[in-house]
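Coordinate analysis (summary)
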Amino acid sequence: MFQTDLLKGRTILITGGGTGLGRSMALRFADLGANLFLVARREEPLKETADAIRVKGARAAYASADIRDFAAVENAIAAAEKEFGGVDTLVNNAAGNFIARTEKLSPNAFNAVVGIVLQGTFHCTLALARKWIAAKQPGNVLNIVTTYAAANCGSGFVVPSACAKAGVLAMTRSLAVEWARYRIRLNAIAPGPFPTEGAWSRLMPARELEERAKNHHPMKRFGRHDELANLAAYLLSSQAEYVNGECVVIDGGLWLCGAGEFNDFADLPDAMWATIEQSRTR
Ligand code: HXC
């Protein structure tokens, strides 16, 4: 879909880059010529993904860090600079989430998710943007949010995530304006259901839930990782230079399906449609 040198010369730091969608984006960006620096808590998946990138002939390195800790983020960025000379692009992909009834949550459960998603995104964005501004160099940030943030509707049963992702979207739009004068561009992607081990084990813990979600989807399928990775590549590329402060939804129409009052008529049997059509009044 793209020229193979679309991201040539770029150095991209991806949080949560060892697994799931972060891993898929990293591999795709490597195909398009970028150097990758992966940051996450667990070293084993980081190493495995970095090795898979190198097999493609691209450059990759990683640092293990908890992005809730600003000093750890600064150390990871220092390691990336040592390896590649600098970082020009950030993908805030790391997230924490689980299904729970909110009245059962402890304050620390809320903090854990908000710490990773909202504060972690701020830590990485702040640490890199300070460097870009001081060096008078352009920068590029892509934040992975959710459709319940993009639609501004929140969601029950994932309240810490809904609060945190809404904050990340507000940060994206606020900084897109504030830092445009520094040539720092910020955008977001709001993915719908894209199966990953991390998200699925927490959000679709039973097979019935997965089937229910698929049946409820207007396209009756989940997203494919390449579909999201290609959108991310476009938004990060110079082809999207004038796209700033935008949030692109990629969910096959799922959130709209919950928004329209009569959308669940898609499940009506033909016999019911016949009755409706016969009873039509002028
Ligand atoms: C209720 C829970 C819980 C659960 C943890 N806690 N899991 N409470 N229900 N299922 C509580 C703990 O009891 C504890 O509170 C507090 O949360 C912190 O838990 P820890 O395990 O000590 O924290 P930590 O090791 O930092 O783990 C953070 C985490 C974990 C968020 C809880 O799930 C994680 O590491 N997740 C990262 C990967 C991930 O979540 N991926 C999915 C992202 S999907 P107390 O009071 O006992 O100390 C996503 C997409 C959304 O974001 C859109 C989908 C369509």
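Only a predicted model underlies this, so the values are computations on that prediction, with no experimental measurement involved.

What about the overall build of the protein chain?
Per the secondary structure count, the protein chain includes 11 helices and seven strands. In terms of overall size, the protein chain behaves like a compact globule, its C-alpha atoms giving a radius of gyration of 20 Å where 282 residues would be expected to give roughly 19 Å. On the principal axes, the C-alpha backbone points of the protein chain span a range of 70 × 45 × 40 Å. Among the 282 residues that make up the protein chain, the fraction classed as buried is 46%. Expressed as a percentage of contacts within the protein chain between residues at least 6 apart in sequence, the contacts between residues at least 24 apart total 75%. When the accessible area of the protein chain is evaluated, it comes to approximately 14800 Å², of which 53% is carbon and sulfur surface.

Observations regarding the pairing of strand β1 (residues 11–15)
The element β1 is extensively covered by neighbouring structure, given that five of its five residues are classed as buried. Sheet topology note: the β1/strand β2 (residues 35–40) ladder contains five bridges and is parallel. The partner of Thr11 across the bridge, within β2, is Asn35. When β1 meets strand β4 (residues 89–92), the two strands line up parallel, connected through three bridges. Bridge pairing links Leu13 to Leu90 in β4.

Thoughts on the site of the ligand
Near the ligand you find 18 residues, and of these Arg41, Arg68, Asn97, Ser106 and Asn108 are the closest. Between the ligand and the protein, one listed contact pairs an oxygen atom with a side-chain N or O atom of Ser106 at 2.6 Å. One of the side-chain nitrogen or oxygen atoms of Asn108 is found 2.8 Å away from an oxygen atom of the ligand. In the complex, the protein chains occlude 60% of the 1100 Å² of accessible area that the ligand would expose alone. At the level of elements, α4 (107–135) and α7 (197–203) are the ones that each hand at least two residues to the shell around the ligand. The class makeup of the residues in the shell around the ligand is nine nonpolar, six polar and three charged.

Quick notes on the packing of α4 against helix α6 (residues 159–178)
Working note: a packed helix pair is described by the angle between its axes plus the distance between those axes. Running from amino to carboxyl end, α4 crosses α6 at an angle of 15 degrees, the nearest separation of the two axes being 8 Å. Judged on the interaxial angle alone, α6 and α4 are roughly parallel. The handedness of the crossing between α4 and α6 comes out as right-handed. Taking contact as the criterion, the partners of Phe110, Val113, Val114, Val117, Leu118, Thr121, Phe122 and Thr125 in α4 are, on α6, Pro160, Ser161, Cys163, Ala164, Lys165, Gly167, Val168, Met171 and Leu175.

What about the packing of aromatic side chains?
Taken as a whole and judged by the stated rule, the model has two aromatic pairs. Ring geometry for Trp200 versus Phe222: centroids 5.2 Å apart, planes at 85 degrees, classification edge-to-face. Placement of the pair is Trp200 in helix α7 and Phe222 in the loop between α8 (207–216) and α9 (225–236), with a sequence separation of 22 residues. In this structure, Trp200 and Phe222 share a single accessibility class: buried. Aromatic side chains Phe265 and Trp273 sit 6.1 Å apart centroid to centroid with 70 degrees between the ring planes, which places their arrangement in the edge-to-face category. Overall, Phe265 belongs to the partly exposed group, its relative accessible area being 32%.

What to know about the pattern of salt bridges
The final tally for this structure, using the stated rule, is 12 salt bridges. As a salt-bridge pair, Glu81 and Lys131 come within 3.5 Å of each other at their nearest N and O atoms. Of the two residues, Glu81 sits in helix α3 (residues 70–84) while Lys131 sits in helix α4, which places them 50 residues apart along the sequence. Classification of Glu81 as partly exposed rests on a relative accessible area of 28%. As a salt-bridge pair, Glu210 and Arg207 come within 3.7 Å of each other at their nearest N and O atoms. Of this pair, Glu210 and Arg207 are both found in helix α8, three residues apart, which corresponds to roughly one turn of the helix. Three or more residues joined by partner-sharing salt bridges are found here, namely Arg28, Asp31 and Lys56.

Thresholds applied
- Residues numbered from 1 in each chain as written.
- Predicted model: local features only at pLDDT ≥ 70, side-chain atom pairs only at ≥ 80, totals over all residues.
- Heavy atoms only, no water.
- Helix = DSSP H or I, 4+ residues; strand = E, 2+ residues; numbered from the N terminus.
- Rg over C-alpha atoms; globule rule 2.2 N^0.38 Å.
- Buried < 20%, exposed > 50% of the residue type's maximum accessible area, 1.4 Å probe, protein only.
- Contact = heavy atoms within 4.5 Å.
- Areas by Shrake-Rupley, 256 points an atom, 1.4 Å probe, with all protein chains shown as cover.
- Pairing = 2+ DSSP bridges.
- Near = heavy atom within 4 Å.
- Polar contact = N/O pair within 3.5 Å; in protein donor to acceptor, adjacent residues only side chain to side chain.
- Nonpolar A, V, L, I, M, F, W, Y, C, P; charged D, E, K, R; others polar.
- Axes fitted to C-alpha atoms, helices over the stretch in contact; angles between N-to-C directions.
- Parallel < 35°, antiparallel > 145°, perpendicular 65-115°, else oblique.
- Left-handed = near helix turned anticlockwise from the far one by under 90°.
- Phe/Tyr/Trp six-rings, centres within 6.5 Å; stacked < 30°, edge-to-face > 60°.
- Salt bridge = Lys/Arg side-chain N within 4 Å of Asp/Glu carboxyl O.

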